Amino acid sequence: MSEVLIRRARQADLPAIVAMLADDVLGRAREDTRMPLTQAYLDAFAAVDSDPNQLLAVMADGTDVIGTLQISFLAGLSSQGAWRGQIEAVRVAANRRGERLGQRLLEWAIEKCRERGCRVVQLTTNKSRLDAHRFYERLGFKASHIGYKLDL
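Values in this document were obtained by computation on a predicted structure and should not be read as measured data. (Residues numbered from 1 in each chain as written. Predicted model: local features only at pLDDT ≥ 70, side-chain atom pairs only at ≥ 80, totals over all residues. Heavy atoms only, no water.)

Asker: Sorry, what's going on with the overall build of the chain here?
Answerer: A count of helical and extended segments in the chain gives six helices and five strands. Its helices and strands taken in sequence order, the chain reads β-α-α-α-β-β-α-β-α-β-α from the N to the C terminus. A compact globule built from 152 residues would reach a C-alpha radius of gyration of about 15 Å, and the chain, at 16 Å, matches this within 12%. Oriented by its inertia axes, the alpha-carbon framework of the chain measures out at about 45 × 35 × 30 Å. Sequence-distant contacts in the chain: of pairs separated by 6 or more residues, those separated by 24 or more amount to 61%. Measuring between centres, the 22 positive side-chain charges of the chain sit 5 Å from its 19 negative side-chain charges. (Helix = DSSP H or I, 4+ residues; strand = E, 2+ residues; numbered from the N terminus. Rg over C-alpha atoms; globule rule 2.2 N^0.38 Å. Contact = heavy atoms within 4.5 Å. Lys, Arg positive; Asp, Glu negative; His and termini not counted. Charge placed at Lys NZ, Arg CZ, Asp CG, Glu CD.)

Here you go:
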């Protein structure tokens, strides 16, 4: 096994990232893993990659992409102008779960938020993802707010 590292995602990583996003009941209903990937994924990657307040990261073991997440660095006026790190789309490849790779990925992301001067790290997870709730709580996150979404 190679050394596992975390790095900024590259466009070549997109098929593996989309596959991880689609690897559960919720993801299968909203992602399209057919190759070649739709232009929407390529456009979204280009937008994220060019934005200095976005960081799409992957965890790689050699050439295998085994985890991913995205951090959005959010400026705001509340809490005396505090920056927030919003973590989204946390995934670990199914065949690598149980190795504490998700914990390592989240700890890395939290450190990136500290480096950017964020005073808060926040994330959302679907109400049905009970294992994810336990995972985030074990890492110190608190279910302090109720979130709402409106599909457009």
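Moving on from the model shown.
Asker: Looking at this model, I keep getting lost on the pairing of strand S4 (residues 83–92). Mind explaining?
Answerer: A regular strand places its side chains on the two faces of the sheet in alternate fashion. Both strand S3 (residues 64–74) and S4 contribute to a ladder of seven bridges, which runs antiparallel. Paired with Gln70 across the two strands is Glu88, which belongs to S4. When S4 meets strand S5 (residues 118–123), the two strands line up parallel, connected through five bridges. Along S5, the bridge assignment pairs Arg84 with Val120. (Pairing = 2+ DSSP bridges.)

Asker: Got a minute to help me understand unusual backbone geometry in this structure?
Answerer: With the exception of glycine, most residues fall at negative phi, and the peptide bonds are largely trans. Here the amide bond leading from Met35 into Pro36 is cis, since omega sits at -5°, within 30 degrees of zero. With respect to the helices and strands, Pro36 occurs in the loop between helix H2 (25–30) and helix H3 (39–50). Located in the positive-phi region is Gln80, a residue other than glycine, with phi close to 60°. With respect to the helices and strands, Gln80 occurs in helix H4 (residues 78–81). Despite not being glycine, Arg100 has its phi angle at roughly 65°, a positive value. Mapped onto the elements of the fold, Arg100 is located in the loop between S4 and helix H5 (101–115).

Asker: It is not clear to me how the sheet that holds S4 should be interpreted in this structure. Could you clarify?
Answerer: Hydrogen bonds between backbone groups are what pair the strands of a sheet, and the pairing can be parallel or antiparallel. One open sheet accounts for five strands, arranged S1-S2-S3-S4-S5; its pairing is mixed. A strand with exactly one partner marks an edge of an open sheet, and here the two such strands are strand S1 (4–8) and S5. Strand-to-strand twist of the sheet, defined as the mean angle between neighbouring strand axes without regard to direction, takes the value 25°. Pairing analysis gives five bridges linking S1 to strand S2 (residues 54–61), with the strands arranged antiparallel. Bridging across to S2, Ile6 finds its partner in Met59. (Axes fitted to C-alpha atoms, helices over the stretch in contact; angles between N-to-C directions.)

Asker: I tried to follow the pattern of salt bridges on my own but got confused; where do I start?
Answerer: Opposite charge on two side chains permits pairing when their charged atoms draw close. On inspection of all chains with the given rule, the structure shows 10 salt bridges. Note that Asp61 and Arg96 form a salt bridge whose closest N and O atoms lie 2.9 Å from each other. Taken as a pair, Asp61 in strand S2 and Arg96 in the loop between S4 and H5 lie far apart in primary sequence, 35 residues in all. In terms of burial, Asp61 and Arg96 fall into one category: buried. (Salt bridge = Lys/Arg side-chain N within 4 Å of Asp/Glu carboxyl O. Buried < 20%, exposed > 50% of the residue type's maximum accessible area, 1.4 Å probe, protein only.)

Asker: When you look at the packing of H5 against helix H6 (residues 130–138) in this model, what are you seeing that I'm missing?
Answerer: Helix packing for two helices is described by the angle between their axes and how far apart those axes are. Where H5 meets H6, the closest approach of the two axes is 11 Å, and the angle between their N-to-C directions is 55°. With respect to H6, the element H5 is oriented oblique. Once H5 is placed against H6, the crossing between them reads as right-handed. Contact with H5, carried on its side by Gly102, Gln103 and Leu106, involves Phe135, Tyr136 and Arg138 of H6 and no other residues of that element. When the residues that make up the contact of H5 with H6 are grouped by side-chain class, the tally is three nonpolar, two polar and one charged. (Parallel < 35°, antiparallel > 145°, perpendicular 65-115°, else oblique. Left-handed = near helix turned anticlockwise from the far one by under 90°. Nonpolar A, V, L, I, M, F, W, Y, C, P; charged D, E, K, R; others polar.)

Asker: What should I look at first to understand the nonpolar core in this one?
Answerer: Nonpolar side chains in soluble globular proteins tend to be buried together. Within the largest apolar cluster, 39 residues are counted, with the highest numbers of intra-cluster contacts made by Met59, Leu69, Ile71, Ile87, Leu106, Trp108 and Tyr136. Top contributing element to this core by residue count: H5, with seven residues. The contact partners of Tyr136, leaving out residues within four places of it in the chain, are Val90, Leu106, Leu123, Thr125 and Phe141. (Core = buried A, V, L, I, M, F, W, Y, C linked by side-chain atoms within 4.5 Å.)

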